[in-house]
There are 2 protein chains.
Amino acid sequence: MRIFKEIQSIQNWCKEHKLQGRKIGLVPTMGYLHEGHLELVREAKRHCDIVVVSIFVNPTQFGAGEDFEVYPRDFERDTSLLERENADAVFAPTAEEMYLSDFSSWVEVTGEITTKLCGASRPGHFRGVTTVCAKLFNICLPDLAFFGQKDAQQVMVLEKMLTDLNFPLQIIRVPIVREADGLAMSSRNVCLDAEAREQALVLNRALGQAERAIKDGERDAARIKVLLREIIESSPRAEIDYAEIYDAYDLADIQQIDRKILMALAVKFGKTRLIDNRLVEV
Amino acid sequence: MRIFKEIQSIQNWCKEHKLQGRKIGLVPTMGYLHEGHLELVREAKRHCDIVVVSIFVNPTQFGAGEDFEVYPRDFERDTSLLERENADAVFAPTAEEMYLSDFSSWVEVTGEITTKLCGASRPGHFRGVTTVCAKLFNICLPDLAFFGQKDAQQVMVLEKMLTDLNFPLQIIRVPIVREADGLAMSSRNVCLDAEAREQALVLNRALGQAERAIKDGERDAARIKVLLREIIESSPRAEIDYAEIYDAYDLADIQQIDRKILMALAVKFGKTRLIDNRLVEV
């Protein structure tokens, strides 16, 4: 497995593989890999000849006062996990390599898709995500890029960017991977103390009960949102950032559940903010 | 010469050529081609195996009240000129093909480089330029893209975008092509009446005299700017938008001419706004 720290060298390496006609898969990550990330790598191995995993805790997608400094990192463990999955290359640049001191170009998706949910809670977050992903796409030249459905809004925003700006690649969405007890895998889960870890199960439980209510015939989005909130608030340490239902394609508001919808949650347990979601089709 | 109207078909065609190991050159234009454009095509033919010329009057780089509607167009003439230069393909999409009704993604270079000169006179102009060029680069997958030095600020902004966002291509700057009497070639020159056409010579004359003054030892930027203005204002119909001197690399302000500088002019003759510039190294 090759490890690259420099943009120029991995870009040349990827160009060479493209010239050989090889299909490149990219798995962008912020490291501290868990089973969810490894599932992305496995899916990439199934579809592509060459799999590149980027590991970069991207400063531009963190706001002031967010957890950039304390975001968990373990490069040694990450690379040994990726070796085991037969990833072909790791791209792990420094922040200085990715953002020169006079860096001033941004890729931004505007509109509801970036102003709702995490866009409302984390101003500038998606501008950081789209900018770094545009850079990673230009550097690694993937035919396919693999993202987890756990970050449902992120993948929607990136698909919009690809379509609008005609990037020559496609995104493959990979389903959420959960712990045995239902908690969605996240690098941030290690930040939870034992009590919060237990209470965090409420996210998946709320989504499951809401989904069941919809399958049982409930079509009123407002009532489902009340249900989500009631279940989450049964956990004393849960502090809701949002618990929303939107159109699954463009995050448009909906009153009646009459199409594919996204139920999306962001809940804080102390300083740790967790997200989870479910797509429901009626 | 192939003519493409659809993004998907030219993108596939270019991907195929890349797989064959061919070097692609892109010449982005707004059509109504003149000798300056053709020089870009010739330079592209010298460097590349496949030359694609895009013809697209890009609505997003025109402001309200600017000349988008009356910008000159002549597709038949353009394609016959390009046939003669042995261009390999023309990409001429409609505005609807390039901008779907829910289009909402933008590429933007921020800072002085886009807020001075044409950025000050034409708010949003460079955001339109960088967005459409990012799209064209993603669609046509060039190894090299060719731009005229006539649009000096545009090429600076695009080079900044390429560097910051790691686009896998390079820009080749091609010198300004002038009419026999010194007027910089521009598709907008046809909009000048005979008197304005005559008076428009003042742009090149002002740049020439200012360059001579610098070569003769003048180092005070303010005095050179006064000289530029005096010469231009000797033309009764010339209305100065700007006549400035900046650092040639990043458009930083300068007092002393002690490095490579850009002298840049934008002057209106009635409704027609012309630009011209000169790089001077001391």
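Keep in mind the model is a prediction, meaning the values are calculated, not measured.

The phi dihedral of A:Tyr32 falls on the positive side, at around 50°, and the residue is not glycine. Mapping A:Tyr32 onto the fold places it in the loop between β2 (24–29) and α2 (35–47). Although it is not a glycine, B:Asn86 sits at a positive phi angle of roughly 60°. You can see B:Asn86 is positioned in the loop between α3 (75–84) and β4 (89–91).

Attention shifts here to the relation of the copies chain A and chain B. Note on the identical chains: chain A maps onto chain B by a rotation of 180° and an axial translation of 0.0 Å, with an RMSD of 0.0 Å. Both copies are brought into coincidence by an operation consistent with a two-fold rotation axis. Relative to the rotation axis, the C-alpha of A:Val107 is the closest in chain A, positioned 2.2 Å from it.

Within the secondary structure, B:Lys160 sits in helix α8 (residues 152–165). For B:Lys160, a count of 22 C-beta atoms within 10 Å corresponds to the buried category. Taking the C-alpha atoms as reference, B:Lys160 lies 31 Å from B:Ile232; in sequence the two are 72 residues apart. Residues within four places of B:Lys160 in sequence aside, it is in contact with A:Ser104, A:Ser105, B:Val109 and B:Ile113.

Here we take up the interface of chain A and chain B. Taken together, the contacts link 27 residues of chain A with 27 residues of chain B. Among the elements of the structure, α1 (7–19), β5 (105–109), α7 (125–140) and α8 (152–165) of chain A are those that each provide at least two residues to the side of chain A that touches chain B. Tallied by class, the residues present in the side of chain A that touches chain B amount to 13 nonpolar, eight polar and six charged. Relative to strand β5 (residues 105–109) of chain B, β5(A) is paired through five bridges, and the arrangement is antiparallel. In the strand pairing of β5(B), A:Val109 is matched with B:Ser105.

Once that is clear, we can look at the packing of helix α10 (residues 202–215) of chain A against helix α11 (residues 221–233) of chain A. Each packed pair of helices is defined by two parameters, the angle between the axes and the distance between the axes. Residues and elements named next belong to chain A. Their axes nearest at 9 Å, the elements α10 and α11 cross at an angle of 150°. Relative to α11, α10 is oriented roughly antiparallel. Where α10 crosses over α11, the two elements pack in a sense that is right-handed. Listed contacts from α11 to Val202, Arg205, Ala206, Gln209, Ala210, Ala213 and Ile214 of α10 are Ile224, Leu227, Leu228, Ile231 and Ile232.

Take the sheet that holds strand β9 (residues 261–269) of chain A next. All names here are of chain A. The antiparallel open sheet is built from three strands, whose spatial order is β8-β9-β10. The open sheet is flanked by β8 (238–247) and β10 (272–280), the only strands paired with a single partner. On average, each strand axis in the sheet is inclined to that of its neighbour by 15°, with strand direction left out of account. Of the strand pairs in this sheet, β8 and β9 are connected by nine bridges, and their pairing is antiparallel. Following the sheet pairing, glutamate 239 is matched in β9 by lysine 268. The strands that α10 touches are β8, β9 and β10; relative to β10, the one it contacts most, it runs at about 20°.

Here the focus is the domain arrangement of chain A. All names here are of chain A. When the domains of chain A are assigned, the result is domain 1 (2–174) and domain 2 (187–275). Measuring from the centre of the C-alpha atoms in domain 1 to the corresponding centre in domain 2 gives 26 Å. Of the residues lining the interface, 12 residues belong to domain 1; the matching set on domain 2 comes to 12 residues. Elements with a contribution of two residues or more to the side of domain 1 that touches domain 2: α5 (112–115), α6 (118–121) and α8. Split into classes, the residues belonging to the side of domain 1 that touches domain 2 amount to seven nonpolar, three polar and two charged.

Quick notes on the rules
Residues numbered from 1 in each chain as written. Chains lettered and ligands numbered in written order. Predicted model: local features only at pLDDT ≥ 70, side-chain atom pairs only at ≥ 80, totals over all residues. Helix = DSSP H or I, 4+ residues; strand = E, 2+ residues; numbered from the N terminus. Least-squares fit on C-alpha atoms with pLDDT ≥ 70 in both. Buried ≥ 20, exposed ≤ 12 C-beta atoms within 10 Å, placed from the backbone. Contact = placed C-beta atoms within 7 Å. Nonpolar A, V, L, I, M, F, W, Y, C, P; charged D, E, K, R; others polar. Pairing = 2+ DSSP bridges. Axes fitted to C-alpha atoms, helices over the stretch in contact; angles between N-to-C directions. Parallel < 35°, antiparallel > 145°, perpendicular 65-115°, else oblique. Left-handed = near helix turned anticlockwise from the far one by under 90°. Domains from an automatic or database assignment.

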